[in-house]
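Letter by letter, the chains look like this.
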Amino acid sequence: MSGRLLGEMELRRVCEEALQHATGDAAEAMVAAGSVELTRFANNTIHQNVASREASLQLRVVVGKRVGMISTNDLSQDGITRAAQSASEVARIVPENPVFGGLPDARPIAPAPGAYVESTAEATPIDRARRVEGLLRRARERKLTAAGYLSTTGTELAIASTKGVWAYSPSTTAAIEAVVIGGAGSAWAEQNATDLARIDVDAVGTEAIEKCVAAQGPRDLEPGTYEVVLEPYAVNDIAQFLGSSLTGQAVEEGRSFVAGKIGQKVTGDVTFVDDPFDAASIPRAFDYEGQPSQRVTLIENGVARGVVYDSQTAFRTGAANTGHALPPNPFASSMPQHLRLAAGTNTREQLIREVRRGVLVTRFHYTRWVHQLRTIVTGMTRDGTFLIEKGEIAHPVKNFRFTQSYHDALGATLGIGKDLHLFAAGEWNIGARRVPALRLGAFTFTGSTQY
Amino acid sequence: MAFGVERDLAERALDTAKTRGATYADTRFVRRAVEDAVVKNGHVDTIERRDTFGFGVRVIADGAWGFAASQVVNAPEIDRVAALAVEIARASALAKQGDIALAPVAPQHGTYRTKIEKDPFAVPFEDRVGLLLAADAAMRTVKGLRTTRANYEIWREDKLFVSSEGSDVEQTFFETGCGLSAEAVGDNELQIRSYPAAGGRTQNQAGWEFVERFDLVANAPRIAEEAVALLTAKPCPQDVRTTVVIGSAQLFLQVHESCGHPIELDRALGTEAAFAGTSFLTTDRLGSFRYGSDQINMRIDSTSPGGLGTFGWDDEGVPASEGWAVKNGTFVGYLMSRETAAALGKTSNGTMRASGWARLPLIRMTNVSLMPGSAGTLQDLIADTDDGIFMETNRSWSIDDKRLNFQFGTQIGWEIKGGKLGTMLRNPTYTGITPEFWGSCDAVCSESEWHMWGTPNCGKGQPGQVGHTGHGAAPARFRNVRVGVVK
């Protein structure tokens, strides 16, 4: 185990110490710890380069239907004791929450594939800088500028409770994002993995540089409804938004497009599965309550099959807990954390070749809900948008604003890529997704810009 | 004084960094206590207290930047982290194209403390939670709601900054925020109303008096009734151009997105290109570009009382300052750091802040505000408008990576006919191009309508940071605006 991680024994000590000093009917301790290291570049130079070692203990203490929650990053004996006493005090004075369902019992956790790679946890600033320097040199040679980052993180998560829960998992991620910018156009490439050795910086550089060259001199194209081919970078955004609506809490609050529609066709022939055991993702077999995460089919060939739950939403709604809790919070209690949009059979080139007239979108930017229930999202295209004519990329076009229902857009799915691209969400690995490229029959661009 | 032994540790960090070859070093110790409370659907859903403490060391070595941070505060860890920061800087230098240069700042010494009337942590816990329960209950007197939430956040942060150039400043900040939201669900329809602002809560550097001034209980039934009424309200007109009057609970976010971010000099110089993007306000436009109409005056002010961007010194030890971003419609000023200011031959106006001890300071909005005009009250402005739409309180927001093409949705709108508010409108949106939009402004309400809003959720940087920024705004009127994209 890397010296940058605290290790299972130390996390167990912290949890046990916290539970020991908590005075209530039940208590739960969660420790998230790790090292976040990121080398950021822009204008063909490394301009920000950071490393931080972080750890926090979050403690929930329950007295009847009263719950107190404390988090601290002071993991000394005194710090843990203070946190436990403070959480216990809050749990005594806070008003009752009659819909609190109690802390979940211990349940067996099935083994998941490993997500920890020692050499990634041990990566050094020089390891990252050398890789980045090669990409920057290539951009300079082509008279382009590159911006982005290469990161390596090693994190570990442990959950214990007085009800017998114990769960521990270490993981690593390595990620590179690169935008390459020319005088009149830019392009994007990105890779994520649990292993730095599997990050192909050269391939990322080639993809971004060659697409950037092709993206120079974008032309005007009237906004409107077009057939589109979305690169996985753009599809990831769709998966993220729809995934956030495929939860028990979203259904309970009437915000989900599948509310009242389980068993019904809600979109096109696409399949979304949350698979905590997906070895090609960043697998973890338990959630932030230490409950076993189940593989859940959310949408199967367009038919809504289910949503994911945490213990409290399951208790309130009478559903079974699927083990998808996020760290306790009142706004989003669960989330599909290993979402996969099932692969199809087409290469990217085949998807493009089938389009008579349409738009190729590399990625979306600054996307936000306009209307969550209808899954209407607005955002911009960015870093490589092209007109497709007669199955060929004709020329780059200026960026569009879109305002589009995402599940409606998937309703007109015409083709699905065969290769899945992994995306990791943030430095603490809360939510990974694997998605392919998609060809969609109709996507509405509602505005444009001058570049 | 919140810091004792940490000052010695800070000096040790600087000594270690210099010994290892750093030509510049600074260190920040940050201790923060936050309490969040949420009442949902009549019950206390969450009471969470969060304490965090740690330090970060930032250095220049071999002409390049390095930064390292840790939560373990003792001498061996100080030595390790300071040495690591230098090692990281040397790695950065592998790809450098020139040495980092910093604009000068004189060594700073002193203390700063937010002025508050009521220490929020000293207000009895039962009173704080009791207010949320009462406000939530007041919302739930209205039939037809699906979800209600009432929340507050109280915050205290102590920060020590020491640099190798001789600065040593210690600051204490208090923040207090609160908010209500009521959600109603109908046939393929979901409506939300919130108060005082959207996004969960509004927040200021203030004590508990900030919460008390909003009278949450009295306003709760009103927003609840509006949420239910919106389910069957008339849809906003689709894809038309009209006059729009925008309330300050929406307009402050427009200021944040379309003025605050594009005047960040790091964006203009390309160092945020991959993530947040760049800026249409390029350096050749400084001092001459027509950003908006003569009515538009945008101020950068880190001394504004209550603003979330108010302080004594930024995280580079540069003193708080005030100045103009836009004066009578012309773009005249950036938010700058010492490094970016040097690139323009200027001195920093003190806008570098980190989200905590574990992150690097970045250029962040301090308080970027649309200054009041002379159009009187909101009532006066509506009375002066013959035909248009009044939109209030943000629901959605999006803007492109140069900060030109934006689209906002608001929670609620009303027709304006003959100088009076008329029919309620559902799902209002408006869209435009930043300088055209601000150029179409022909009236800004007077000071009596001006309010300092807080944005406690501004994302920037990689690794991600959440910043707290302040924005004053008064309602304003815009002509020939494109509205309506959601039927």
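Residues numbered from 1 in each chain as written. Chains lettered and ligands numbered in written order. Predicted model: local features only at pLDDT ≥ 70, side-chain atom pairs only at ≥ 80, totals over all residues. Heavy atoms only, no water.

Engineer: Looking at this model, I keep getting lost on the overall build of chain B. Mind explaining?
Structural biologist: Counting secondary structure elements, chain B contains 10 helices and 24 strands. Its C-alpha atoms give chain B a radius of gyration of 23 Å, near enough to 23 Å, the size a compact globule of 487 residues would have. With the principal axes as the frame, chain B shows a C-alpha extent of 70 × 55 × 35 Å. When burial is assessed residue by residue, chain B has 67% of its 487 residues classed as buried. Sequence-distant contacts in chain B: of pairs separated by 6 or more residues, those separated by 24 or more amount to 75%. When the 51 positive and 60 negative side-chain charges of chain B are each reduced to one mean point, those points stand 3 Å apart. (Helix = DSSP H or I, 4+ residues; strand = E, 2+ residues; numbered from the N terminus. Rg over C-alpha atoms; globule rule 2.2 N^0.38 Å. Buried < 20%, exposed > 50% of the residue type's maximum accessible area, 1.4 Å probe, protein only. Contact = heavy atoms within 4.5 Å. Lys, Arg positive; Asp, Glu negative; His and termini not counted. Charge placed at Lys NZ, Arg CZ, Asp CG, Glu CD.)

Engineer: Hey, could you run me through the overall build of chain A in this one?
Structural biologist: Looking only at helices and strands, one finds 10 helices and 19 strands in chain A. Taken over C-alpha atoms, the radius of gyration comes to 23 Å for chain A, in line with the 22 Å a tight globule of 451 residues would show. Seen through its C-alpha atoms, chain A measures out along the principal axes to roughly 70 × 55 × 35 Å. Taking all 451 residues of chain A together, 65% fall into the buried category. For chain A, the proportion of contacts with a sequence separation of at least 24, taken over those separated by at least 6, is 73%. If you sum the accessible surface of chain A, you get close to 15,100 Å²; carbon and sulfur atoms cover 48% of it. Counting 46 positive and 49 negative side-chain charges, chain A places the centres of these two groups 5 Å from one another. (Areas by Shrake-Rupley, 256 points an atom, 1.4 Å probe, with all protein chains shown as cover.)

Engineer: Help me understand the nonpolar core in this model?
Structural biologist: One broad rule of soluble globular proteins: the nonpolar side chains tend to lie buried together. Of all hydrophobic cores here, the largest spans 79 residues; its most connected members are L135(A), L230(A), F272(A), F364(A), Y406(A), F443(A) and F445(A). Here the element with the most residues in this core is helix α6 (residues 232-245) of chain A; it accounts for 7 residues. In contact with F443(A), not counting residues within four places along its chain, are G224(A), T225(A), Y226(A), V228(A), F364(A), F402(A), Q404(A), Y406(A) and A409(A). Ranked by size, the runner-up nonpolar core spans 69 residues in total, among them F280(B), L281(B), L378(B) and W438(B). (Core = buried A, V, L, I, M, F, W, Y, C linked by side-chain atoms within 4.5 Å.)

Engineer: What should I look at first to understand the interface of chain B and chain A in this one?
Structural biologist: In many analyses, interface size is given as the accessible surface area lost on bringing the parts together. Between chain B and chain A, the residue contacts involve 83 residues of the former and 81 residues of the latter. Between chain B and chain A, roughly 6,700 Å² of surface is buried when both sides are summed, and carbon and sulfur atoms account for 51% of that area. Our count for the chain B to chain A interface comes out at 6 salt bridges. Put simply, R374(A) and E189(B) hold a salt bridge, and the shortest N to O gap is 2.5 Å. For the interface between chain B and chain A, the tally reads 52 residue pairs in polar contact (both at pLDDT 80 or more). Looking at the side of chain B that touches chain A element by element, the count peaks at 11 residues for strand β2 (residues 43-61) of chain B. (Buried area = accessible area lost by both parts, 1.4 Å probe. Salt bridge = Lys/Arg side-chain N within 4 Å of Asp/Glu carboxyl O. Polar contact = N/O pair within 3.5 Å; in protein donor to acceptor, adjacent residues only side chain to side chain.)

Engineer: Any chance you could explain the sheet that holds strand β10 (residues 303-304) of chain A here in plain terms?
Structural biologist: The strands making up a sheet associate through hydrogen bonds between their backbones, and the pairing can be parallel or antiparallel. Residues and elements named next belong to chain A. In space, the 6 strands of this open sheet follow the order β10-β9-β8-β11-β18-β17, with mixed pairing throughout. Only two strands of the sheet have a single partner each, and these edge strands are β10 and β17 (421-424). With 4 bridges joining them, β17 and strand β18 (residues 432-435) adopt antiparallel strand pairing. Bridge pairing in β18 places F423 opposite R433. With respect to the sheet, α6 is in contact with β8 (272-274), β11 (338-341), β17 and β18, its orientation differing from that of β18 by roughly 125 degrees. (Pairing = 2+ DSSP bridges. Axes fitted to C-alpha atoms, helices over the stretch in contact; angles between N-to-C directions.)

Engineer: Is there a simple way to think about the pairing of strand β7 (residues 225-230) of chain A in this case?
Structural biologist: Walk down a regular strand and you will see the side chains alternate between the two sheet faces. All names here are of chain A. The element β7 is largely enclosed, with a buried count of 5 among its 6 residues. Looking at chain direction, β7 and strand β19 (residues 438-448) are connected through 5 bridges and run antiparallel. By the bridge assignment for β19, Y226 is matched with F443. Two strands pair when backbone bridges link them, and β7 and strand β12 (residues 357-371) are joined in this way by 4 bridges, in the parallel orientation. What sits directly across from V228, in β12, is V359.

Engineer: Explanation requested: the pattern of salt bridges in the structure shown.
Structural biologist: It is possible for side chains of opposite charge to pair when their charged atoms get near one another. Applying the stated criterion across every chain, the model contains 69 salt bridges over all chains. Across the pair R340(A) and D275(A) runs a salt bridge whose closest N-O atoms are separated by 3.0 Å. You can see R340(A) sitting in strand β11 and its partner D275(A) sitting in the loop between β8 and β9 (296-300), a full 65 residues away along the chain. According to the relative accessible area criterion, R340(A) is buried, its value standing at 16%. Residues joined by salt bridges that share partners form a network here, namely E253(A), R255(A), K40(B), R149(B) and E183(B).

Engineer: Where do I start with helix α5 (residues 201-214) of chain A in this structure?
Structural biologist: Residue pairs three or four apart in sequence face the same way in an α-helix, which turns once every 3.6 residues. Residues and elements named next belong to chain A. In this model α5 runs 20 Å from its N-terminal to its C-terminal C-alpha over 14 residues, within 8% of the 20 Å that 1.5 Å per residue would give. What α5 keeps buried is the set V201, V204, G205, A208, I209, K211 and C212. Buried positions along α5 lie against α4 (125-141), β5 (166-182), β6 (185-193), α9 (348-353), β12 and β13 (376-389). Two or three places before D202, at the start of α5, stands the capping residue D200, its side-chain oxygen 3.2 Å from that residue's backbone nitrogen. (Expected span 1.5 Å × (residues − 1).)

Engineer: I keep staring at the pairing of strand β3 (residues 66-72) of chain A and nothing clicks. Help me out?
Structural biologist: Across the 7 residues of β3(A), 6 count as buried, placing the element largely inside the fold. The pairing of strand β2 (residues 45-63) of chain A with β3(A) spans 7 bridges and is classified as antiparallel. Residue pairing in the sheet places L59(A) in a bridge with I70(A) of β3(A). As paired strands, β3(A) and β2(B) are joined by 4 bridges and run parallel to one another. Within β2(B), the position partnered with S71(A) by the bridge is R50(B).

Engineer: Any chance you could explain the side chain of S248(B) here in plain terms?
Structural biologist: All names here are of chain B. As for its placement among the helices and strands, S248 is situated in helix α6 (residues 248-260). What makes S248 buried here is its relative accessible area of 8%. Polar contacts involving the side chain of S248 include one to the side chain of W453, which spans 3.3 Å. Apart from residues no more than four positions distant in its own chain, S248 is found in contact with E392, E449, H451, W453, A473, A474 and P475.

Engineer: So what exactly am I meant to see when it comes to the sheet that holds strand β13 (residues 330-331) of chain B here?
Structural biologist: Residue and element names in this part refer to chain B. Read from one edge of the open sheet, 4 strands run β13-β12-β11-β16, paired in antiparallel fashion. Of all the strands in the sheet, just β13 and β16 (368-370) have a single pairing partner and so form its edges. Sheet topology places strand β11 (residues 298-301) next to β16; 3 bridges connect them, and they run antiparallel. Across the sheet, residue R299 finds its bridge partner in β16, namely S369. Relative to the sheet, α6 contacts β11, β12 (322-327) and β16, its axis offset from that of β16 by approximately 120 degrees.

Engineer: What exactly am I supposed to notice about helix α5 (residues 216-230) of chain B here?
Structural biologist: Residues and elements named next belong to chain B. Taking 1.5 Å per residue as the helical rise, α5 with its 15 residues ought to reach 21 Å, and the 21 Å between its terminal C-alpha atoms agrees with that figure. Of all the positions in α5, only L216, N219, A220, I223, A224, E226, A227 and L230 are classed as buried. Projected onto a plane normal to the axis of α5, the buried residues spread over an arc of 165 degrees and lie on a single side. (Arc of directions from axis to C-beta.)

Engineer: How should I be thinking about the confidence of the model for chain B in this particular structure?
Structural biologist: Keep in mind that low pLDDT regions are not for reading the predicted coordinates in detail. Mean pLDDT for chain B: 97, with 100% of residues reaching 70 or above. Among the scores for the predicted complex, ipTM is 0.96 and pTM is 0.97. (pLDDT = per-residue confidence, 0-100.)

Engineer: I'm lost on the environment of Y233(A) in this one. Help?
Structural biologist: All names here are of chain A. Tracing the backbone through its elements, the reader meets Y233 in helix α6. Here the alpha-carbon distance between Y233 and T124, two residues 109 residues apart in the chain, equals 28 Å. In contact with Y233, not counting residues within four places along its chain, are W188, A189, E190, E207, T362, R363, H421 and F423. A polar contact of 3.3 Å, which involves the side chain of Y233, links it to the backbone nitrogen of E190. A distance of 2.6 Å separates polar atoms of two side chains, one belonging to Y233 and the other to E207.

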